[in-house]
Amino acid sequence: MNPQVDPQPRGPRDAGTPRRVLIVGGVAGGASCAARLRRLDESVEIVMFDRGPYVSFANCGLPYYVGNVIADERTLLVASREMFRQRFNVEVHTETEVTSIDRDARTITVRDGRTGAPRAERYDVLVLSPGAAPIRPPLPGVDLPGVFAVRNIPDSRRIRAWIADRNAKTAVVVGGGFIGLEMVENLVHRGLSVGVLEKLPQVMPPLDPEMAVPLREHLAAKGVRLHLGDGLARIEARVGGGLDVVAESGARMPADLVILAIGVRPETGLAKDAGLQIGPRGGIVVDAQMRTSDPNIWAVGDVVEVRDVLMGQETVLPLAGPANRQGRVAAESIAGRATNFRGVQATAVVGVLGLTVASTGASEKGLRRAGATGFQKVYLHPGHHAGYYPGARPIHLKLLFSVPEGRILGAQAVGLEGVEKRIDVIATAIQFEGTVHDLAEAELCYAPQFGAAKDPVNVAGMLAENVLNGDMPVAEWPELGHTDAVLLDVREPDEFADGHVPKAINLPLSQMRARYGELPKDREIWTCCRVGQRAYYATRFLTQHGYRARNLSGGYMTYQALKGAGLAP
Ligand code: FAD
C-alpha cells in the first residue's frame, strides 16, 4: 500500500512560506528542539512524533520510579501533548512510529500504532532525535520473562509490577555502569538482595580503576554481591520459578528478576536506511550545527556522534545534558542562527547508596589508550568542608593535567558529600580551557559547613602546581616494585603499625628534623603518609637538605585503592 501524503504539501522553502519541521522522537533532544524553535519562530509548523505513549518524560527519573522514590508516575511527565499544543503550538503524535525517510521526496512514512495505518508526511526540515536503545546481546535467555531493560515508562511499570506480583526478593543487574548502578540503588531501596555481573574488573567503567575501588567497597559494604571481570553467557529459567544468570566462567547468580544494563546503541536504523552518513562510533555524523550529511536533516541526542573536546576525536555520549543542548542548537540553526555545539567533555555523576561518583574530561586510561604521554596526575583526599566543623567527609579526588602547560585534562571524585560540586567547578574550568593555576586561584564559596578556606579544588590546583614547578617531585605507586628507592613512611608509629606499604621504613615527620641524618644520601627517598600532605612536607625538608626525595601522591589511601585495583604491588 502506498502511503498517502498528508497533509497538503506546502512547497519548498520559499521566502514567506511557512516551513514544515518534523521531529522524530519527542523526549530530551526532540522536545528541546521543538520548544526552542517555537520561541524563535512563530511561523514554522512543528510536528513531533514519538512511537511511545508519552513525550518529554524524565527518563533519568525511571530508576527512582522503579525504586518507589518517585511513587507517582505522573511526576515523570515533564510536558504533555496538550501542553505542547497550547503553549508552543507544536502538534504531537504519540504511539506513531516513523518507519522510513524519503530524502528525494522529503517525506517520512509514519505508522499509527493504534490503527497500524501508514501515511506519508512531508517536511522541509527533519530533525532526528530517536535516542539509543539498550543493548540486548544475542545470548540465550535474554528474552525470558523477568529480564528487563530500562528505557521508558512502560519498561519501569513492568519492572514494578513484576516485583510486586511475584514478591521478588533477589535481582541481578548485568552491567555496572551509570544506569546499572542506579538500578542497584533502587532495587536495594525496594528491599531486594541485589547482585551485579560486570565484564570489566571494575564497576563504573568510565572511571580509572583505582577510583572505582571506594565505590566497589561501598557497594560490598551495603550488601551488593559483585561479580566482576566476568561476562554474561546466558540466562536460564529455573525449574519452579526464578532465573539463573550464568556468567562466562560458569558462575551462577540466582535472581527473581534481571536488569540488562550493558550499554546503549544509537538508534540509527532510519538514518542508515536513508543513506545518511554514519560515523565510526556508530552514530549519525553531524556538523557543529547538528546538521547531518543531508542539508535538510538535523540530528541530536544519543543518536549522534559528537566531538570530545579533550581527546579531539568523535564519540557517542548518551547523556541528557548534551541532548538538550543539541536540541537547542539544532533549533537555532533551523531558525537561521549560526550557533555551534561546542562538543562534549563527558561530565557525569551518579549516586549509589549514599556515595557520589562524578567525573569530567579525560580519564588516565583514556589518555593512555590515545597514546598521550605529556600529562601528570595528583591524588588528594580532603574533607568536603573544614575538618573542625562536625561531619567532614573525605572526597577522593584525582586530577589530570598536561605538562608543562598545566591545562586541566580531567578529574574524578568519589565521596559521601560535596563531590559533584567540585567536579562541576573543574568541569567549568575545563570548558574555559583553564589550567591548574586557575584552580589554585579559584575564589569559591567558603564557610565552615560548606567548604574550606582552601577548597579541595584549590588544593588540587596547588598540588598540581607543586608538581609542575618542581616543589613536589612525585613518584608513581605502580613503580614500587621496580625501584631501589628508600620507601619512607612519615606517619606516627601507631599509624604505621595499623598498616603500611611493604618494605616501608618509618621515620615520623615529627622526628624528621632530629633524625634525618639516619637516611642514606646515595638513594632516592620516596615519602608517603596517609593522604600525601605530611609526605609533601617531608619531601620539601629533605630536598632542601640535599636528598633526592619524591612524594607518593595521595599517600597510603591512594596506595590501598591502587592495590585494590591490582595496580600497585
Ligand atoms: P530519548 O530521550 O531516548 O528520546 C528518544 C525518543 O524517540 C523515545 O521516546 C523513542 O520512543 C522515540 N523514537 C525512537 N525511534 C523512533 C521512531 N522511529 N519513531 C518515533 N519515535 C521514535 N542522562 C543523564 O545525563 N543523567 C542521568 O541521570 C540519566 N539517567 C538515565 C536513566 C535511564 C534509565 C535512561 C534510560 C537514561 C538516562 N540518561 C541520563 C540518558 C538520557 O536520558 C539520554 O541521554 C537522553 O534522554 C537522550 O535524549 P534523546 O532525545 O537523544 O533520546
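Quick caveat: nothing in here was measured; it's all calculated off a predicted structure.

A. Region of interest: the site of the ligand. What surrounds the ligand is a group of 28 residues, the closest being Gly 29, Asp 50, Ser 129, Asp 302 and Ala 320. With respect to the ligand, the backbone of Ala 28 contributes an N or O atom lying 3.4 Å from an oxygen atom. Between an oxygen atom of the ligand and a side-chain N or O atom of Asp 302, the distance comes to 2.8 Å. A total of 990 Å² of accessible area belongs to the ligand in isolation, and the protein chains cover 89% of it. The set of elements that each furnish at least two residues to the shell around the ligand consists of helix H1 (28-40), strand S4 (96-102), helix H5 (178-189) and helix H8 (320-334). Examining the composition of the shell around the ligand, we find that three residues originate from one element, S4, more than from any other. Across the shell around the ligand, the residue classes tally to 15 nonpolar, seven polar and six charged.

B. Structural context of the pairing of strand S30 (residues 549-552). For strand S26 (residues 474-475) and S30, the ladder comprises two bridges, and the chain directions are parallel. For Val 474, the partnering residue across the bridge sits in S30 and is Asn 551. In this sheet, S30 lies alongside strand S29 (residues 525-528) in parallel orientation, the contact comprising three bridges. Each bridged residue has a counterpart across the sheet, and for Ile 525 the counterpart in S30 is Ala 549.

C. Structural detail: unusual backbone geometry. The residue after Val 403, namely Pro 404, is reached through a cis peptide bond having omega 5°. With respect to the helices, strands and loops of the structure, Pro 404 is situated in the loop between strand S24 (395-402) and strand S25 (408-415). A positive phi is found at Glu 95, a non-glycine position, where the angle reads about 50°. Its place among the elements puts Glu 95 in the loop between strand S3 (90-93) and S4. One non-glycine residue, Leu 353, lies in the positive phi region at around 50°. Residue placement: Leu 353 occurs in the loop between strand S21 (348-352) and strand S22 (355-361). With relative accessibility at 15%, the residue Leu 353 sits in the buried group.

D. Examining the nonpolar core more closely. With 55 residues, the main nonpolar core has Ile 159, Leu 187, Leu 215, Leu 219, Leu 257 and Ile 259 as its most contacted residues. Once you skip the residues sitting within four places of it in the chain, Leu 219 turns out to touch Leu 181, Val 184, Val 203, Val 224, Leu 226, Val 352 and Leu 353. With 50 residues, the next largest nonpolar core counts Phe 49, Val 92, Ile 108 and Val 303 among its residues.

E. Structural view of the sheet that holds strand S27 (residues 486-489). Here we have five strands laid out as an open sheet, ordered S26-S30-S29-S27-S28, and parallel in their pairing. Looking along the sheet, the strands with just one partner apiece sit at the ends: S26 and strand S28 (505-506). By the bridge criterion, two bridges tie S27 to S28 in an arrangement that is parallel. Note that in S28 the partner of Leu 488 across the bridge is Ile 505. Where helix H15 (residues 533-544) meets the sheet, it contacts S27, S29 and S30, and its direction lies at approximately 175° from that of S30.

F. Fine view of the sheet that holds strand S16 (residues 257-260). As summarised here, the arrangement of the five strands in space is S9-S16-S10-S11-S12, forming an open sheet in which the pairing is parallel. The open sheet has two edge strands, strand S9 (147-148) and strand S12 (225-228), and neither has a second partner. Of the strand pairs in this sheet, strand S10 (residues 170-174) and strand S11 (residues 193-198) are connected by five bridges, and their pairing is parallel. Paired with Val 172 across the bridge in S11 is Gly 195.

G. Spatial organisation of the packing of aromatic side chains. On inspection of all chains with the given rule, the structure shows seven aromatic pairs. Their ring planes at 45° and their centres at 5.3 Å tell us that Trp 477 and Tyr 559 sit as a pair that is tilted. Here Tyr 559 lies in helix H16 (residues 555-564) and Trp 477 lies in the loop between S26 and S27, a separation of 82 residues in the sequence. Accessibility expressed as a relative area gives 2% for Trp 477, which makes it buried. On the basis of relative accessibility, which here comes to 2%, the residue Tyr 559 falls in the buried class.

H. Examining the packing of H1 against H8 more closely. Between H1 and H8, the shortest axis-to-axis distance is 7 Å and the interhelical angle comes to 35°. Of the two possible hands of crossing, H1 and H8 adopt the one that is right-handed. Here Ala 28, Gly 29, Ser 32, Cys 33, Arg 36, Leu 37, Arg 39 and Leu 40 of H1 lie close against H8, whose contacting residues are Ala 323, Asn 324, Gly 327, Arg 328, Ala 330, Ala 331, Glu 332 and Ile 334. Taken together, the residues that form the contact of H1 with H8 break down as eight nonpolar, four polar and four charged.

I. Here's a closer look at the pattern of salt bridges. In this structure the tally under the stated criterion is 35 salt bridges. Between Arg 515 and Glu 518 there is a salt bridge, with the nearest N and O atoms lying 2.9 Å from each other. A network of salt bridges, in which partner residues are shared, links Asp 208, Glu 210, Glu 364, Arg 368, Lys 377, Lys 398 and Glu 476.

J. How the structure looks around the side chain of Glu 121. By the element assignment, Glu 121 lies in strand S6 (residues 118-122). Classification of Glu 121 by relative accessible area gives buried; the value is 4%. A polar side-chain atom of Glu 121 sits 3.0 Å from a polar atom in the side chain of Arg 20. A polar contact of 2.8 Å, which involves the side chain of Glu 121, links it to the side chain of Arg 119.

K. The pairing of S12, seen in detail. Sheet topology note: the S11/S12 ladder contains four bridges and is parallel. Directly across from Val 196, in S12, lies its bridge partner Leu 226. Taken together, S11, helix H6 (residues 213-221) and S12 form a β-α-β motif whose crossover is right-handed.

L. Here's a closer look at the side chain of Thr 107. Within the secondary structure, Thr 107 sits in strand S5 (residues 107-112). With residues near it in sequence (within four places) discarded, Thr 107 still touches Ser 100, Ile 101, Asp 102, Ala 120, Glu 121, Arg 122 and Tyr 123.

M. A look at the environment of Val 436. Summarising the element assignment, Val 436 is placed in helix H11 (residues 436-441). Beyond its immediate sequence surroundings of up to four residues, Val 436 is in contact with Leu 399, Phe 401, Gly 406, Ile 408, Gly 461, Ala 464, Glu 465 and Leu 468.

N. Geometry of the environment of Glu 95. Look at Glu 95 and you get partly exposed, because its relative accessible area is 32%. On a C-alpha basis, the gap between Glu 95 and Arg 114 in space is 7.1 Å, while along the polypeptide they are 19 residues apart.

O. Molecular detail of helix H4 (residues 153-166). A rise of 1.5 Å per residue sets the reference length of H4, with its 14 residues, at 20 Å; its end C-alpha atoms lie 20 Å apart and thus fit the reference within 8%. Residues Ile 153, Pro 154, Asp 155, Ser 156, Ile 159, Arg 160, Trp 162 and Ile 163 constitute the buried set of H4. Each element contacted by the buried residues of H4 is listed here: helix H2 (62-66), S9, H5 and S16. The residue sitting at the N-terminus of H4 and contributing the capping side-chain oxygen is Asn 152; that oxygen lies 3.0 Å from the backbone nitrogen of Asp 155. Following H4 by one or two positions, Asn 167 adopts a phi angle in the positive range, close to 50°.

Reading the values: the criteria
Residues numbered from 1 in each chain as written. Predicted model: local features only at pLDDT ≥ 70, side-chain atom pairs only at ≥ 80, totals over all residues. Heavy atoms only, no water. Near = heavy atom within 4 Å. Polar contact = N/O pair within 3.5 Å; in protein donor to acceptor, adjacent residues only side chain to side chain. Areas by Shrake-Rupley, 256 points an atom, 1.4 Å probe, with all protein chains shown as cover. Helix = DSSP H or I, 4+ residues; strand = E, 2+ residues; numbered from the N terminus. Nonpolar A, V, L, I, M, F, W, Y, C, P; charged D, E, K, R; others polar. Pairing = 2+ DSSP bridges. Buried < 20%, exposed > 50% of the residue type's maximum accessible area, 1.4 Å probe, protein only. Core = buried A, V, L, I, M, F, W, Y, C linked by side-chain atoms within 4.5 Å. Contact = heavy atoms within 4.5 Å. Axes fitted to C-alpha atoms, helices over the stretch in contact; angles between N-to-C directions. Phe/Tyr/Trp six-rings, centres within 6.5 Å; stacked < 30°, edge-to-face > 60°. Left-handed = near helix turned anticlockwise from the far one by under 90°. Salt bridge = Lys/Arg side-chain N within 4 Å of Asp/Glu carboxyl O. Right-handed = clockwise from strand over helix to strand, strands pointing away. Expected span 1.5 Å × (residues − 1).

Shape descriptors only; they carry no functional weight alone.
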